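# Analysis of the macromolecular model
Chain residues, written in single-letter form:
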Amino acid sequence: MIVYRLCNKKEIQEILNTKSFTNIGSINNNNSKLNNHTYIINQKYLHFFKDYDSLFYLYLKPESNICIYNIPDILLEKYRGEGKYLDRLSMKRIDKVIEYAIPNYEIEFTYLQKIDKVIDNIDFFDYIEMNYNDKLETIYEINKKIKIK
């Protein structure tokens, strides 16, 4: 299934240079106020959104990157959970969002399908109005082998 992740430039360079996720991810503590994932101590995890529009719970600013992965359903279901985010319109209520927290050692480079670099701020209203494609630049596609700039 296709899933989405927001990454910074340093992470993208590491992934493309090493074709590995060994040094990627973050160590998390179990915190029911943020999500319902169960984390193993000292294990790095990568978080993915099920839906593209969930990226807009985060701040899409220049130099951030939208990564599109095709991860086997069985792996996603094993690590499925809910994240809690402020709603995208009023920022007053909490939305529960399907997301996946997968240990970095379970992610393979071949799962990465595409990377779009954000070249201008994109907010949820840009997404609703379909006014954001010119604010993205594709820097990697699995079949085109575009190199990061």
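Everything here concerns the structure above.
Residues numbered from 1 in each chain as written. Predicted model: local features only at pLDDT ≥ 70, side-chain atom pairs only at ≥ 80, totals over all residues. Heavy atoms only, no water.

## Digging into the pattern of salt bridges
All chains considered together, the criterion is met by 8 salt bridges. The salt bridge involving E11 is made with R5; its shortest N-O contact spans 2.9 Å. An identical accessibility class is assigned to E11 and R5; each is buried. Between K114 and D116 there is a salt bridge; the shortest N-O distance is 3.8 Å. The class of D116 is buried, set by a relative accessible area of 7%. (Salt bridge = Lys/Arg side-chain N within 4 Å of Asp/Glu carboxyl O. Buried < 20%, exposed > 50% of the residue type's maximum accessible area, 1.4 Å probe, protein only.)

## Examining the pairing of strand β7 (residues 112–118)
Of all 7 residues that make up β7, 5 are buried, and the element is covered over most of its length. Inspection of the sheet shows strand β4 (residues 65–70) paired to β7 by 5 bridges, in the antiparallel sense. Looking at β7, one finds that I66 is bridged to D116. (Helix = DSSP H or I, 4+ residues; strand = E, 2+ residues; numbered from the N terminus. Pairing = 2+ DSSP bridges.)

## Considerations on helix α1 (residues 9–18)
An α-helical segment advances 3.6 residues per turn. Residues three or four places apart therefore align on the same side. Taken as a whole, α1 has its buried residues at E11, I12, I15 and L16. All buried residues of α1 lie within an arc of 125° about the axis, which places them on one face of the element. Summarising the geometry of α1, the exposed residues directed more than 90 degrees from the buried face are K10 and N17. For α1, the elements touching its buried residues are β1 (2–7), β4, β7 and β8 (136–141). The opening residue of α1, the one whose side-chain oxygen lies 3.2 Å from the backbone nitrogen of K10, is N8. At the exit of α1 stands K19, carrying a positive phi of roughly 55°. (Arc of directions from axis to C-beta. Contact = heavy atoms within 4.5 Å. Polar contact = N/O pair within 3.5 Å; in protein donor to acceptor, adjacent residues only side chain to side chain.)

## Details of the packing of aromatic side chains
Note on aromatic pairs: each is described by the distance of the centres and the angle between the planes. Taken as a whole, this structure holds 15 aromatic pairs when the rule is applied. Ring centres of F21 and Y69 lie 6.2 Å apart, and the angle between their planes is 55°; this geometry places the pair in the tilted category. Here the residue F21 occupies a position in the loop between α1 and β2 (26–27), and Y69 occupies one in strand β4, the gap between them amounting to 48 residues. For Y69, a relative accessible area of 0% gives the class buried. Cluster of aromatic residues (ring-pair linked, three or more members): Y4, Y52, F56, F124, Y127 and Y132. (Phe/Tyr/Trp six-rings, centres within 6.5 Å; stacked < 30°, edge-to-face > 60°.)

## Topic: unusual backbone geometry
Even without glycine at this site, M91 takes up a positive phi of about 60°. By the secondary structure assignment, M91 is in the loop between β5 (80–86) and β6 (94–103). One non-glycine residue with positive phi stands out, namely M130, at about 55°.

## Observations regarding a nonpolar patch on the surface
On the surface, L86, M91 and I94 cluster together to form a nonpolar patch covering roughly 300 Å² of accessible area. Examined against the element boundaries, L86 turns out to sit in strand β5. Under the relative-accessibility criterion, L86 is labelled partly exposed at 41%. (Patch = residues over 30% accessible without salt bridge, like charges linked within 9 Å, V, L, I, M, F, W, Y side chains within 5 Å. Areas by Shrake-Rupley, 256 points an atom, 1.4 Å probe, with all protein chains shown as cover.)

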